[in-house]
Amino acid sequence: MSQDLAHRTALVTGATAGIGRATALALAARGADIIVHGRDRERAADTLRQIEAMGATARFEPADLSDPAQVIALAERAGDVDILVNNAGIFQFARTADNDPATFEAHIAVNLRAPYLLVQALAPGMTARGHGAIINISSGAASTPGHGSGIYGATKAALESLTRVWAAEYGPDGVRVNAVAAGPTRTEGTAAYGPAFESAGQAVALKRLADPEEIAGTIAFMASPEASYVNGATLSAMGGQPALG
Ligand SMILES: NC(=O)c1ccc[n+]([C@@H]2O[C@H](COP(=O)([O-])OP(=O)(O)OC[C@H]3O[C@@H](n4cnc5c(N)ncnc54)[C@H](OP(=O)(O)O)[C@@H]3O)[C@@H](O)[C@H]2O)c1
């Protein structure tokens, strides 16, 4: 594996599980120093162990992203960050008629406000240094209606919109901002759906669920010099759409 991210520091939110943990490992394999973010200390220790076993360096910075003060404190503790992966997210599905204000607020806070505050805090350092990569993790729910996916999909659609705006704002100073829209992926979060989740894999052209490493590889590519002219894009890692009819 090329060490094309050596001497780069990457902050991966939600790196204690699923796609975030696989992303932290994929970036570490390319030589980056990793800031593992999450809340669960045991799972964080497991991620750190796996990174250190690869001979890479990592540290844990906990924060509850639903609290804006903790998000800002996380950015301050992180220091100079060259790669920001806004991965942490929640997905609680409910039809609009059945949803409650707390669930609405939680999605806005974790999936949308936290990435916004992190970009606001960390992108200026990237522009001052003349380089940086930000990758926002989106979902097919941003563009395709799903049962009960309303507020979740709305936060991801907003994140894709911000991706294009941030690409225009920060691009002139050498900072690329892109999104990766993931398809249905086996993670700790989706394990809660049980075997019924397998049917989501049958709904994509590849006829299977993704493993987190497959999404992580796409994210690491977007962070790497190989994607040096990709800016403002939402790359679909969703297994393809089956033909209609
Ligand atoms: N899995 C899929 O099928 C799928 C499909 C499309 C898009 N996505 C997106 O991909 C991202 C990762 O999904 P995943 O399935 O890997 O999730 P997951 O297994 O549920 O893991 C979620 C991660 O986010 C962190 N997190 C959640 N709420 C947090 C909060 N309030 N404060 C701080 N950290 C918080 C968790 O940290 P702790 O547990 O340590 O608190 C954990 O590391 C999400 O943005 C999701 O929307 C997933």
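Up top is the structure these notes are about.
Residues numbered from 1 in each chain as written. Predicted model: local features only at pLDDT ≥ 70, side-chain atom pairs only at ≥ 80, totals over all residues. Heavy atoms only, no water.

Participant: Can you explain the nonpolar core? Please cite residues and give values.
Facilitator: Counting residues in each nonpolar core, the largest one holds 35 residues, and the members touching the most others are Leu-27, Ile-34, Ile-51 and Ile-135. Element by element, the count of residues in this core is highest for helix 1 (residues 18–29), at 7 residues. When neighbours within four sequence positions are excluded, Ile-51 is seen to be in contact with Ala-24, Leu-25, Ala-28, Ile-34, Val-36, Ala-56, Thr-57 and Ala-58. Within the second largest apolar cluster, 28 residues are counted, among which are Ala-63, Ala-75, Ala-123 and Val-175. (Core = buried A, V, L, I, M, F, W, Y, C linked by side-chain atoms within 4.5 Å. Buried < 20%, exposed > 50% of the residue type's maximum accessible area, 1.4 Å probe, protein only. Helix = DSSP H or I, 4+ residues; strand = E, 2+ residues; numbered from the N terminus. Contact = heavy atoms within 4.5 Å.)

Participant: Explain unusual backbone geometry to me, and be specific about the residues and the numbers.
Facilitator: With phi around 65 degrees, His-7 is a residue other than glycine that occupies positive phi space. Looking at the element boundaries, His-7 is found in the segment before strand 1 (9–12). For Lys-207, which is not a glycine, the phi torsion comes out positive at approximately 60 degrees. Structurally, the position occupied by Lys-207 is in the loop between helix 7 (198–202) and helix 8 (212–223).

Participant: Which residues make up the sheet that holds strand 1, and what values go with them?
Facilitator: The strand order across the open sheet formed by 7 strands is 3-2-1-4-5-6-7, and the pairing between neighbours is parallel. Two strands in the sheet have a free side with no partner beyond their single neighbour: strand 3 (58–62) and strand 7 (234–237). Pairwise comparison of adjacent strand axes, ignoring direction, gives a mean angle of 20 degrees for this sheet. Relative to strand 4 (residues 83–86), strand 1 runs parallel, the two sharing 3 bridges. Counterpart to Val-12 in the pairing with strand 4 is Val-85. The strands touched by helix 3 (residues 68–78) within the sheet are strand 1, strand 2 (33–38) and strand 3, with strand 3 carrying the most contacts at an inclination of about 155 degrees. Packed onto the sheet, helix 8 meets strand 4, strand 5 (132–139), strand 6 (175–182) and strand 7 and runs at close to 165 degrees relative to strand 6. (Pairing = 2+ DSSP bridges. Axes fitted to C-alpha atoms, helices over the stretch in contact; angles between N-to-C directions.)

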